[in-house]
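Residues per chain are reported as follows:
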Amino acid sequence: MPVHPSPPFNALAARQLREALGMAPGHVAYGLRAQYGLNIGPDLVVAWERGQRAPDSQEVTALAGVLWCAVGDLIAAPNTLREHRMARGLAAPDLARMVGVDAGAYQRMEDAQRWRGNERQSAALSEVLGLSPREFVTATGRDEDLAEMLRSAVTTRWQAYVRPIAKLIPVQRRELEDILQRLHTDYQSRMMSTLSWSGGDSGDGAKGREFLDDILSHFWQLAR
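Residues numbered from 1 in each chain as written. Predicted model: local features only at pLDDT ≥ 70, side-chain atom pairs only at ≥ 80, totals over all residues. Heavy atoms only, no water.

Peer 1: Before we move on, could you go through the packing of aromatic side chains and cite the residues and values that matter?
Peer 2: In the structure shown here, the tally under the stated rule is two aromatic pairs. Both rings, one in tyrosine 187 and one in phenylalanine 211, keep their centres 6.1 Å apart while their planes meet at 40 degrees; by these two values the pair is tilted. Taken together, the residues tyrosine 187 in helix H12 (residues 173-194) and phenylalanine 211 in helix H13 (residues 206-213) connect sequence positions 24 residues apart. Neither tyrosine 187 nor phenylalanine 211 differs from the other in exposure class; each is buried. Between phenylalanine 219 and tryptophan 220, the ring centres sit 4.9 Å apart and the planes meet at 75 degrees, which makes this aromatic pair edge-to-face. (Phe/Tyr/Trp six-rings, centres within 6.5 Å; stacked < 30°, edge-to-face > 60°. Helix = DSSP H or I, 4+ residues; strand = E, 2+ residues; numbered from the N terminus. Buried < 20%, exposed > 50% of the residue type's maximum accessible area, 1.4 Å probe, protein only.)

Now the structure itself:
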């Protein structure tokens, strides 16, 4: 039996949409049974709306049909690839076709929360799902990969990491070069201050470690 993971459900929106249609929880439950064959009672509908339970992806899609709304209207801010796809109301095979990926391969990547498409497919994915660079990195499971490369870039030669990072994130090459250079300069200046008696640091590199620990935040502050 297939597993349908729960997306981040917007309980308040579900209740407001139901009330706007003049429906009671029982009417929603009836629609879910009659139209989609889901054995769901009014009590479960109420539990969804109170945030006590969360519908899975199949149930959210059916609920959107009953409430005459888009799936995205019932989902809180999406993070994963599956959540972004659902928010756009796209089936996995359709998205796979639109970005030029085999449907089976796409489904495996989505299930593993690990995108492995090439640069062209990544650009298509970002465009179809309307992802910002930051959303793309998070949705494709690349946050830690990016953080590791950024740490290496600022502590060694940043120029050597332009190309590898460009493969991870859809950012213009010239903009990326400018960001890496600025991050490198910032990090090196912090480290230099630890070597100075007037730096106000104990000399153990604490400022540099703090910068590296929060490297993703520093990066996104510079990335447009």
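Structure shown, so let's carry the discussion forward.
Peer 1: Outline the pattern of salt bridges, supporting the account with residue identities and numerical values.
Peer 2: What the rule picks out here adds up to eleven salt bridges. A salt bridge links arginine 15 to glutamate 19, with the shortest nitrogen-to-oxygen separation between them at 3.2 Å. Linking arginine 15 with glutamate 19, this pair stays in helix H1 (residues 11-20), spanning four residues, or about one helical turn. The exposure class assigned to arginine 15 is partly exposed, which follows from its relative accessible area of 30%. Of the charged contacts in the structure, one is a salt bridge between arginine 82 and glutamate 110, with a shortest N-O distance of 3.3 Å. Here the residue arginine 82 occupies a position in helix H5 (residues 81-87), and glutamate 110 occupies one in helix H7 (residues 103-112), the gap between them amounting to 28 residues. The class of arginine 82 is buried, set by a relative accessible area of 14%. Ionic contacts of the salt-bridge type, sharing partners, join the residues Arg82, Arg85, Glu110 and Asp111 into one network. (Salt bridge = Lys/Arg side-chain N within 4 Å of Asp/Glu carboxyl O.)

Peer 1: Requested: an account of the nonpolar core, with residues and values cited.
Peer 2: Within the largest apolar cluster, 40 residues are counted, with the highest numbers of intra-cluster contacts made by Trp115, Leu146, Leu150 and Phe219. Leucine 150 has contacts with Ile165, Leu180, Leu183, Ile215, Leu216 and Phe219, leaving out every residue within four places of it along the chain. In terms of nonpolar packing, the next biggest core, distinct from the first, is built from 24 residues, Leu38, Ile40, Val45 and Ala47 among them. (Core = buried A, V, L, I, M, F, W, Y, C linked by side-chain atoms within 4.5 Å. Contact = heavy atoms within 4.5 Å.)

Peer 1: So what's going on with the packing of helix H6 (residues 92-99) against H7? Which residues, and what values?
Peer 2: For the pair H6 and H7, interaxial distance at closest approach is 9 Å and the crossing angle is 110 degrees. As summarised for this structure, H6 and H7 are arranged roughly perpendicular, according to the angle between their axes. In the packing of H6 onto H7, the handedness of the crossing is right-handed. In this structure, H6 uses Ala92, Pro93, Leu95 and Ala96 to contact H7, whose residues at the interface are Ala103, Tyr106 and Gln107. Considered class by class, the residues forming the contact of H6 with H7 number six nonpolar, one polar and no charged. (Axes fitted to C-alpha atoms, helices over the stretch in contact; angles between N-to-C directions. Parallel < 35°, antiparallel > 145°, perpendicular 65-115°, else oblique. Left-handed = near helix turned anticlockwise from the far one by under 90°. Nonpolar A, V, L, I, M, F, W, Y, C, P; charged D, E, K, R; others polar.)

Peer 1: Hey, could you go over H13 for me, with residue numbers and the actual values?
Peer 2: Taken together, the buried positions of H13 are Gly208, Phe211 and Leu212. Each buried residue of H13 lies within a common arc of 95 degrees when the element is viewed along its axis, so the set occupies one face. Facing away from the buried side of H13, by more than 90 degrees, are the exposed residues Glu210 and Asp213. (Arc of directions from axis to C-beta.)

Peer 1: Mind laying out the environment of arginine 82, listing which residues take part and the relevant values?
Peer 2: Measuring from C-alpha to C-alpha, the distance between arginine 82 and tryptophan 220 comes to 23 Å, with 138 residues separating the pair along the chain. There is a polar contact of 2.5 Å between the side chain of arginine 82 and the side chain of aspartate 111. (Polar contact = N/O pair within 3.5 Å; in protein donor to acceptor, adjacent residues only side chain to side chain.)

Peer 1: Describe unusual backbone geometry, naming the residues involved and giving the relevant values.
Peer 2: A positive phi angle, near 55 degrees, is found at tryptophan 68, a position not held by glycine. Following the sequence through the fold, tryptophan 68 ends up in the loop between helix H4 (57-66) and H5. Relative accessible area serves as the criterion here: at 78%, tryptophan 68 is assigned to the exposed category. In the Ramachandran plot, glutamine 113 falls in the positive-phi region, its phi being about 55 degrees despite a non-glycine side chain. Checked against the element boundaries, glutamine 113 lands in the loop between H7 and helix H8 (119-129). Assessed through its relative accessible area of 46%, glutamine 113 is described here as partly exposed.

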